[in-house]
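Descriptive structure summary
If you want the building blocks of each chain, they are given just below.
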Amino acid sequence: MQTMAIQIQDDYVNDFINYVNNHSDSITITKNKNLEYDTYFYERQKELHKIRTDIKNEKNQLISFDDFEDKTNKLEKELELKYAN
């Protein structure tokens, strides 16, 4: 069995449901809770898995919030000095 995501025009939903009911031995409809809350759930999931893999493979690295804050503050000061009038 294969699982697919489909999009149905609003005005065709009833016809589609009727079609599925007429072929119910071959088609099952289930609601995907993940997609109800976030229509991009699987795209985001894939992206997060890639980020995690990149971190594990040391292509990217995480820094602590304190380090991030320090670097951001330094950059802000540099920009203020450079562009101050």
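Model, not experiment: these values are computed from the prediction.

Our next topic: a negative patch on the surface. Among the surface-exposed residues, Asp66, Asp67, Glu69 and Asp70 lie close enough to one another that they form a single negatively charged patch. Counting through the fold element by element, Asp67 comes out in helix α4 (residues 65–83). Under the relative-accessibility criterion, Asp67 is labelled partly exposed at 38%.

This brings us to unusual backbone geometry. Even without being a glycine, Glu58 presents a positive backbone phi close to 65°. If you trace the backbone, Glu58 turns up in the loop between α3 (41–56) and α4.

This paragraph deals with the environment of Asn60. Locating Asn60 in the fold gives a position in the loop between α3 and α4. Using a relative accessible area of 40% as the deciding quantity, one classes Asn60 as partly exposed. The contacts of Asn60, once residues within four sequence positions are left out, are Asp54 and Ile55.

So, about the packing of aromatic side chains. Tallied over the entire structure, the rule returns two aromatic pairs. Both rings, one in Phe65 and one in Phe68, keep their centres 6.2 Å apart while their planes meet at 40°; by these two values the pair is tilted. Of this pair, Phe65 and Phe68 are both found in helix α4, three residues apart, which corresponds to roughly one turn of the helix. Residue Phe68 is classed as partly exposed on the basis of its relative accessible area of 45%.

Tracing the sequence through the fold places Asp38 in the loop between α2 (33–37) and α3. A distance of 2.9 Å separates the side chain of Asp38 from the backbone nitrogen of Tyr40, its partner in a polar contact. A distance of 2.8 Å separates the side chain of Asp38 from the side chain of Arg44, its partner in a polar contact.

What counts, and where the lines are drawn
- Residues numbered from 1 in each chain as written.
- Predicted model: local features only at pLDDT ≥ 70, side-chain atom pairs only at ≥ 80, totals over all residues.
- Heavy atoms only, no water.
- Patch = residues over 30% accessible without salt bridge, like charges linked within 9 Å, V, L, I, M, F, W, Y side chains within 5 Å.
- Areas by Shrake-Rupley, 256 points an atom, 1.4 Å probe, with all protein chains shown as cover.
- Salt bridge = Lys/Arg side-chain N within 4 Å of Asp/Glu carboxyl O.
- Lys, Arg positive; Asp, Glu negative; His and termini not counted.
- Charge placed at Lys NZ, Arg CZ, Asp CG, Glu CD.
- Helix = DSSP H or I, 4+ residues; strand = E, 2+ residues; numbered from the N terminus.
- Buried < 20%, exposed > 50% of the residue type's maximum accessible area, 1.4 Å probe, protein only.
- Contact = heavy atoms within 4.5 Å.
- Phe/Tyr/Trp six-rings, centres within 6.5 Å; stacked < 30°, edge-to-face > 60°.
- Polar contact = N/O pair within 3.5 Å; in protein donor to acceptor, adjacent residues only side chain to side chain.

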